[in-house]
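# Structural features, examined
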Amino acid sequence: DKGEFEKAISDFNEVLKLNPSDIESYIDKGICLRNLKRYDEAIETYNLGHKVHPNTTELYVNLGIAISHQGNPESISKSLDYFDKALQIDENNYYATYNKGISLYQMDRFDEALDSFNTTIEINPDYAFAYIYKGHIYLEQNQKELAVQNYLKAKELGENIDDYINELNEEK
């Protein structure tokens, strides 16, 4: 709800006035701004957080997400730099490999995206969203059996896949 995000942003601003080094407030405030589609403000918030905590993987990942959400090809490409910076700090950050995969997917770099999602699954085999994106890629590549296998794995992990199965059925 928009009002709740606005209230949370106000609360994070108060916390940051009292404690400008509170990393979680930068991260959470940025997420709220992102949810409100205020991407430039989210990016600014994450950059301020980096001044206080320069090598924080969560800030790099969230900065990459906010940049990619700007939606143009240049920003999606630029987001890869931030996911890579996060992975330089922590190569086992599945959220960085997952979001890198999304950006690669959006750029139609499907083989590289598959590699990222496979790495995500190696790190965290229970991360259902990686299987969903693998399903999307296989669908793009007209490999419906592999798409179904990945969607079903996501379902096994608790995700609702009805929309994806309906999409497959419509393509028959």
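Up top is the structure these notes are about.
Residues numbered from 1 in each chain as written. Predicted model: local features only at pLDDT ≥ 70, side-chain atom pairs only at ≥ 80, totals over all residues. Heavy atoms only, no water.

### Section: the overall build of the protein chain
The following threshold applies: Numbering goes from the N terminus for both helices and strands, where a helix is a DSSP run of H or I of at least four residues and a strand is a run of E of at least two. With a 1.4 Å probe rolled over the protein chains alone, any residue whose accessible area is under 20% of its type maximum counts as buried; one over 50% counts as exposed, and the rest are partly exposed. Two residues form a contact once any of their heavy atoms are found within 4.5 Å. All accessible-area figures derive from a Shrake-Rupley calculation using a 1.4 Å probe, and residue coverage is judged against the displayed protein chains alone. For this count, His and the chain ends are skipped, Lys and Arg are scored as positive, and Asp and Glu as negative. Think of each charge as sitting on NZ of Lys, CZ of Arg, CG of Asp or CD of Glu.
Looking only at helices and strands, the protein chain features 10 helices and 0 strands. If you list the helices and strands of the protein chain from N to C, you get α-α-α-α-α-α-α-α-α-α. For the C-alpha atoms alone, the extent of the protein chain along its principal axes is close to 55 × 35 × 30 Å. Here the protein chain holds 172 residues, and 45% of them are scored as buried. Residue pairs in contact within the protein chain that sit at least 24 positions apart in sequence constitute 46% of those at least 6 positions apart. Counting only carbon and sulfur atoms, one obtains 44% of the accessible surface of the protein chain, whose full area is about 9400 Å². In the protein chain, 17 side chains carry a positive charge and 32 a negative one; their mean positions are 4 Å apart.

### Describing the pattern of salt bridges
Condition: In what follows, salt bridge is the name for a side-chain nitrogen of Lys or Arg lying within 4 Å of a carboxyl oxygen of Asp or Glu.
Taken as a whole, this structure holds 7 salt bridges when the rule is applied. Glu41 is the partner of Arg38 in a salt bridge, and the nearest nitrogen-oxygen pair spans 2.9 Å. By sharing partners, the salt bridges in this structure join Glu6, Arg38 and Glu41 into a single network.

### Considerations on the packing of helix 8 (residues 128-140) against helix 9 (residues 144-156)
As a reminder of what qualifies: Working convention: axes come from line fits to C-alpha atoms, limited for helices to the stretch in contact. Angles between N-to-C directions cover 0 to 180 degrees. Oblique is the label for any angle not under 35 degrees, not over 145, and not in the 65 to 115 range, which are roughly parallel, roughly antiparallel and roughly perpendicular in turn. Two helices crossing with the near one rotated counterclockwise from the far one by less than a right angle form a left-handed crossing, whereas a clockwise rotation gives a right-handed crossing. Just so you know the grouping, Ala, Val, Leu, Ile, Met, Phe, Trp, Tyr, Cys and Pro go in nonpolar, Asp, Glu, Lys and Arg go in charged, and all remaining residues, Gly too, go in polar.
With their axes 8 Å apart at the nearest point, helix 8 and helix 9 run at an angle of 165° to one another. Classified by the angle their axes make, helix 8 and helix 9 are roughly antiparallel. As helix 8 packs across helix 9, the resulting crossing turns out to be left-handed. On helix 9, the residues that touch Ala128, Tyr131, Ile132, Lys134, Gly135, His136, Tyr138 and Leu139 of helix 8 are Lys144, Leu146, Ala147, Asn150, Tyr151, Lys153 and Ala154. Tallied by class, residues from the contact of helix 8 with helix 9 come to 9 nonpolar, 3 polar and 3 charged.

### Points about helix 8
The condition is simple: Each residue after the first adds 1.5 Å to the expected span of a helix.
Look at helix 8: 19 Å from first C-alpha to last across 13 residues, which is about the 18 Å you get at 1.5 Å a residue. In terms of burial, helix 8 is largely enclosed, as 11 of its 13 residues are buried. For helix 8, every residue scored as buried is listed here: Ala128, Ala130, Tyr131, Ile132, Tyr133, Lys134, Gly135, His136, Ile137, Tyr138 and Leu139. Residues of helix 8 that are buried sit in contact with helix 6 (94-106), helix 7 (110-123), helix 9 and helix 10 (162-170). Directly after helix 8, the chain includes Asn142, whose backbone phi takes a positive value near 60°.

### A look at the nonpolar core
Heads up, the rule is: To qualify as a nonpolar core, a set must consist of buried Ala, Val, Leu, Ile, Met, Phe, Trp, Tyr and Cys residues joined through side-chain atoms within 4.5 Å.
Judged by nonpolar contacts, the single largest core of 25 residues is most densely connected at Tyr46, Leu59, Val61 and Leu63. Secondary structure elements with two or more residues in this core: helix 1 (2-18), helix 2 (23-35), helix 3 (39-52), helix 4 (57-68) and helix 5 (73-89). Per-element accounting of this core gives the leading share, 7 residues, to helix 4. Apart from residues lying up to four places away in sequence, Leu59 is in contact with Ile23, Tyr26, Ile27, Tyr46, Gly49, His50 and His53. Ranked by size, the runner-up nonpolar core spans 24 residues in total, among them Leu80, Ile102, Ala128 and Ala154.

### As for the environment of Thr56
Tracing the chain through its elements places Thr56 in the loop between helix 3 and helix 4. Of the residues examined, Thr56 reaches a relative accessible area of 18% and is grouped as buried. Put simply, Thr56 and Ala8 are 48 residues apart on the chain and 22 Å apart in space, counted from C-alpha to C-alpha. Thr56 has contacts with Ile23, His50 and Ile89, leaving out every residue within four places of it along the chain.

### Regarding the side chain of Thr120
With respect to the helices and strands, the residue Thr120 is situated in helix 7. Given a relative accessible area of 0%, Thr120 falls into the buried group. Residues contacting Thr120, with those up to four places away along its chain left out, are Tyr94, Thr97, Tyr98, Tyr127 and Ala130.

### Topic: the packing of helix 6 against helix 7
Closest axis-to-axis distance for the helix 6/helix 7 pair is 8 Å, and the angle between their directions is 160°. Judged by the inter-axis angle, helix 6 sits roughly antiparallel to helix 7. Handedness of the helix 6/helix 7 crossing: left-handed. On helix 7, the residues that touch Tyr94, Thr97, Tyr98, Lys100, Gly101, Ile102, Leu104 and Tyr105 of helix 6 are Phe110, Glu112, Ala113, Ser116, Phe117, Thr119, Thr120 and Ile123.

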